[in-house]
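Take a look at the letters that make up each chain.
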Amino acid sequence: MEETVTNKKKTGNGNTEYGADSIQVMKGLEAVRVRPAMYIGSTGTEGLHHLVYEVVDNAIDEALAGFCDRVDVVLHKNGTVSVQDNGRGIPVDTHKEEGRPAVEVIMTTLHAGGKFDSETYKVSGGLHGVGVSVVNALSSRLEVEVSRDGQKWFQCYERGKPEEELKTIGISAKNGTRILFAPDPEIFETTEFHFDRLSARFREHAFLNSGLTITILEESSGKSHKFLYKGGLSEYVTYLNENRVVLHKKPIHFTGERETGDGHFVEVEVAIQYNDGYSEIIYSFANNINTVDGGTHLSGFKAALTRTINGYAKKNNLLKAGKNSIQDISGDDAREGLTAIVSVKMTDPQFEGQTKAKLGNSDVKGLVEQIVGEHLGNFLEENPPIGRKLISKAVAAATARDAARKARALTRRKTALENSTLPGKLADCSMKNADDCEIFIVEGDSAGGTAKQGRDRRTQAILPIRGKILNVEKNRVDKILANKEVQAMVMAIGAGIAEDFDVSKIRYGKVIIMTDADVDGSHIRTLLMTFFFRQMVPLVEQGHLYIAAPPLFRVKKGKEELYAFSEEEKDRYVKKLTAGKKEARGIHVQRYKGLGEMNPDQLWETTMDPERRVMRRVRLEDGPEADNMFALLMGEVVEPRRKFIEENADRVQNLDA
C-alpha cells in the first residue's frame, strides 16, 4: 500500500508553494509507522494489545479452517511476545509475481494474505491482509519460524524490513508457525502487556472454538492459563452465570445456517440462559471477533427475542389483565436477567474499521432474526414451564418500568443542582470544563467536612454520602433510583443512568471514591464500584473512575512527619527515624481508621493534592470476569461467596479487628 502525504512549503513572502515536489509517497510499511492509529486504533494500551490479537487471530483462522487445535502465547521477560500454533505453517515457496518467499510477502506487504481467497479460508476474522504486516511494521524486531513440509524456516525483520533472507534452520516433524515480536518503543506510549486482558481474549476464543486449546504464560510472574472448552457457547453461558441463580438449568442452545443474497452463507450460533438478576449480559461475535459495538447480528437477535417473547406470551394469554396487565413486553424487559452469546460465521463480513468493533452486513440482521425466531419459538412451545418463567420475569420487569421512568425523570431535572436540593450536600467546584474537574465521593459527613475544607475549590467537588448505598446487584432500576444517595450521585455526575447514561455529558473527568481504610469503608467502596459497573459502565470503560488511597499511618518524630500506606512502609519509616537505635524513643505512630481523623491540611497533602497523592484507576480489562466477581461478591448466592472468602482470607490487607 502507498499513502500520499501533502507537504506544503512556505516561501519567504508567506505564500505557499504546492507542486509535484510537494507530494511525498511512502511505500511498503512506511505509512503504517507514520499513521499507526489508522491500523490498530491507538498507540496506547489498546493498540499495543491489538498487536497480539492480530497474530493470534491468524492462528484462530487456521483453527476455523480445521488445521489447528492449539495456540501457545508467551509473554517473555524481555518484553517480547511469542505466538506458536500447530497449523499448516505460512507458505515459504516463492511468490510468482513478487519473486520473494510468500512468508516475506505476507510479513512486509499490506493487503497480502490468504484471506482474499474464499477457498483457502471460508471463514476468517482477518480479512484485510494487513494484520501481521502491521505487527511487523510496528515492532522493533520480529522473528518468524515456519515448520512445514518436514523443514523449519526462519527469517527476522527490523521495523518491518527483512534483516536477512529466509533460510532453513533444521528439520521438523510437525507443521506450524511461531512469531515472536517486540513492540517498538518509538511507536507505543507503553510496551507493558497485561496478562489478564490477553487472558480474557483467549478465553473467549476457546469458548467460541470448541476443542481448541489456548495457553498463555507470563514468564516474569509465572502466571499461566490453559483454556479448553468442549461445550462451546453453552459452556460459556454457564461460566458467566456460575455465581447466579438461573431460571433454567440447561442453556438454550441452537445453530442455524442461511444463504445470503450473493450466494455466501451465514452460520448463526446462540446460547441463552436467564437468571434471577436484573442486568443483561450479551456478547456478540463475528468470525470469532468480539464485536464490542454490536452490529447487524446483534440487532437481529434482539429483535427476534422481543418478538418471540411477545408472541408466545400473547398466544398463551400470559399478559394478565388487572393490576399488572401490560400490552407488550419491551426489549429491555425481555432481556432482564438474560445472559446470551450470539456468534455468526460468514464468508464476507463487513466490519467498521480495522479494529472490527461493529458488524455492518445489512442482510445479516434479517437472517439472524429468522433463525433465532424459529429456534427460540420452537423451544418455548416445547418447554412451557420454562416459557412461563421467562414471561413472568419479563412481566415483572415491565411492571417496574413506570416507576423507573418516574425516577429517571427526577434525576433529569436540570433545576436540581441549581436549587441545591441534592440530599448528598454537594460542594461543587468553580470550574466547568469536565476535563479539569474531579468529584470525590466521600463516606460520611465528618470526612466530607474535612475534604471540603482541604480541597482545591476550583477543580475539586465533594459529595458526602451517608452509610452504605443500596446494593444494585439485588435490585431493579426503579428501586435503585428511589435511593437518595444514588439520586445524589446521578444528579451530580450529570450524565444519566443505565441505558440513558451518556458519558460525553459527565460533569467531572475524574470520579474518585474516597472511603475509610477499614472494613466498612471497603464494603462501601465495593457497593459504589458495583453501582458504577452496573449502571454507568462507560464511566469505567473509558477510565474516569478512580479509588483514592489515603495513608494508613502517620509516623512522627519531632517536626518530621512521614505517611505510610502499608505496614511494611510504616516499619521502614520507624527504622529510618530511629537511625539504627534499638529503642524508638520519641516516635509517635498514629493509625488512621477514618478520614475524619485527619485535619484538612493532612488530607489534602496525602490524598487530594494532584502533585503528591496516590490514586488507583479502575480499569475494565476482563468484562466477563469482572461481571462474575460482582455477582459473586454482591449477588444472592451465598455458597460461592463463602468459598471465595475462605480461599482468600489470608490475602486480606489493612483489615481492622
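Refer to the structure above for everything that follows.
Conventions and cut-offs
- The residue numbers shown here count from 1 along each chain, following its written sequence.
- Since the coordinates come from a predicted model, pLDDT governs what is reported: local features require at least 70, and pairs of side-chain atoms require 80 or more to be given and counted, while whole-chain, interface and lining totals use all residues.
- Processing note: side-chain calculations cover all non-hydrogen atoms of the structure and skip hydrogens and water entirely.
- Runs of H or I in DSSP of at least four residues are treated as helices and runs of E of at least two as strands, each being numbered from the N terminus.
- Per-residue accessibility, obtained with a 1.4 Å probe over protein chains only, is compared with the maximum for each type, and a residue is labelled buried under 20%, exposed over 50%, and partly exposed between these values.
- The contact criterion used is simple: two residues touch if any of their non-hydrogen atoms lie within 4.5 Å.
- For this analysis, a nonpolar core means a set of buried residues of the types Ala, Val, Leu, Ile, Met, Phe, Trp, Tyr and Cys, connected via side-chain atoms within 4.5 Å.
- One bridge is not enough; two strands pair if DSSP finds at least two bridges between them.
- Under this scheme, a helix contributes an axis fitted over its contacting stretch, all axes are lines through C-alpha atoms, and angles between N-to-C directions fall in the 0 to 180 degree range.
- Every helix has an expected span of 1.5 Å times one less than the residues it contains.
- Any two of the Phe, Tyr and Trp rings considered here, Trp counted by its six-membered ring, make a pair once their centres fall within 6.5 Å; the pair's planes then place it as stacked at under 30 degrees, edge-to-face at over 60, or tilted in between.
- Throughout this description, any angle smaller than 35 degrees is read as roughly parallel, any larger than 145 degrees as roughly antiparallel, any in the 65 to 115 degree range as roughly perpendicular, and the remainder as oblique.
- For any pair of crossing helices, the crossing counts as left-handed if the nearer helix is rotated counterclockwise from the farther one by less than a right angle, and right-handed if it is rotated clockwise.
- In this classification, Asp, Glu, Lys and Arg are treated as charged, Ala, Val, Leu, Ile, Met, Phe, Trp, Tyr, Cys and Pro as nonpolar, and every other residue, Gly included, as polar.
- By definition, a salt bridge exists where a carboxyl oxygen of Asp or Glu is found within 4 Å of a side-chain nitrogen of Lys or Arg.

Overview of the overall build of the protein
Scanning the protein from terminus to terminus reveals 22 helices and 26 strands. Burial analysis of the protein (657 residues in total) assigns 54% to the buried set. The contacts of the protein with a sequence gap of at least 6 include a subset with a gap of at least 24, amounting to 68%.

Re the nonpolar core
Most often, soluble globular proteins keep nonpolar side chains buried together rather than apart. Of all hydrophobic cores here, the largest spans 63 residues; its most connected members are M107, V144, F181 and F202. For this core, the element with the most residues is helix α3 (residues 45–64), which contributes 9 residues. Apart from residues lying up to four places away in sequence, F202 is in contact with V52, V56, V73, I214, I216 and F227. Counting 44 residues, the second-largest nonpolar core is a separate cluster that includes I282, L319, I391 and A398.

So, the sheet that holds strand β20 (residues 460–465)
On the basis of which strands lie adjacent, the open sheet formed by 5 strands has the order β20-β19-β21-β22-β26 and mixed pairing. Bordering the open sheet on either side are β20 and β26 (615–617), each of which pairs with just one other strand. For this sheet, the mean inter-axis angle between neighbouring strands, taken without regard to orientation, is 25°. Where strand β21 (residues 510–514) lies against strand β22 (residues 545–548), 3 bridges are found, and the strand directions are parallel. Paired with I513 across the bridge in β22 is I547. Most of the contacts of helix α14 (residues 445–454) go to β20, to which it runs at about 170°, and overall it touches β19 (438–443), β20 and β21. Most of the contacts of helix α17 (residues 519–535) go to β21, to which it runs at about 150°, and overall it touches β19, β20, β21 and β22.

Observations regarding the sheet that holds strand β25 (residues 587–591)
The antiparallel open sheet is built from 3 strands, whose spatial order is β24-β23-β25. On the outer flanks of this sheet lie β24 (560–564) and β25, each paired with one strand and no other. In this sheet, adjacent strand axes meet at a mean angle of 15° when their direction is disregarded. Pairing of strand β23 (residues 553–557) with β24, which is carried by 5 bridges, proceeds in the antiparallel orientation. Looking at the pairing, K556 lines up with E561 of β24.

Observations regarding α3
For α3, which comprises 20 residues, the first-to-last C-alpha distance of 28 Å matches the rise-based estimate of 28 Å (1.5 Å per residue) to within 8%. Taking burial as the measure, the 20 residues of α3 include 16 buried ones, the bulk of the element. One or two residues past the end of α3 sits G66, with phi positive at roughly 90°.

Here's the deal with the side chain of Q602
With respect to the helices, strands and loops of the structure, Q602 is situated in helix α20 (residues 600–608). According to the relative accessible area criterion, Q602 is buried, its value standing at 9%.

Observations regarding unusual backbone geometry
A positive phi is found at R159, a non-glycine position, where the angle reads about 50°. Secondary-structure assignment places R159 in the loop between β8 (151–158) and β9 (161–162). Judged by relative accessible area, which is 26%, R159 ranks as partly exposed. In this structure, N317 is a non-glycine residue whose phi angle is positive, near 55°. One can find N317 in the loop between α8 (296–315) and α9 (331–334).

Remarks on the packing of aromatic side chains
Within a pair of aromatic rings, the relevant descriptors are the distance that separates the centres and the angle that separates the planes. What the rule picks out here adds up to 9 aromatic pairs. The interplanar angle of 5° and the centroid separation of 6.5 Å between the aromatic rings of Y236 and Y283 together place this pair among those described as stacked. Here the residue Y236 occupies a position in helix α7 (residues 232–240), and Y283 occupies one in strand β16 (residues 281–286), the gap between them amounting to 47 residues. By relative accessible area, which is 1% here, Y236 ends up buried.

What to know about the packing of α17 against helix α21 (residues 623–634)
Put simply, α17 and α21 touch, their axes get as near as 11 Å, and they point 130° apart. Considering the angle they form, α17 stands oblique to α21. Note that α17 runs across α21; the crossing there is left-handed. Residues H523, T526, L527, M529, T530, F533 and R534 of α17 touch α21, and the partners they reach there are G623, A626, D627, F630, A631 and M634. A breakdown of the residues in the contact of α17 with α21 according to their chemical character gives 7 nonpolar, 4 polar and 2 charged.

Considering the pairing of strand β13 (residues 224–227)
Strand direction decides the pairing type here: strand β12 (residues 213–218) and β13, joined by 4 bridges, are antiparallel. Counted as the bridge partner of L217 is S224 from β13. Where β12 hands over to β13, the hairpin turn is made up of 5 residues, of which G222 adopts a positive phi near 85°.

Things to note about the pattern of salt bridges
Summed over the entire model, instances satisfying the criterion amount to 39 salt bridges. Two residues, E158 and R159, come together in a salt bridge whose shortest N-O distance is 3.9 Å. Beyond isolated ion pairs, a larger network of salt bridges with shared partners links R33, E158, R159, D184 and E186.

What to know about the environment of N58
Here N58 lies in helix α3. Since its relative accessible area comes to 25%, N58 is described here as partly exposed. As for N58 and G131, which are separated by 73 residues in sequence, their C-alpha atoms are 8.2 Å apart.

Observations regarding the environment of E485
By secondary structure assignment, the location of E485 is in helix α16 (residues 484–493). Placed 21 residues apart in sequence, E485 and P464 show a C-alpha to C-alpha distance of 9.0 Å.

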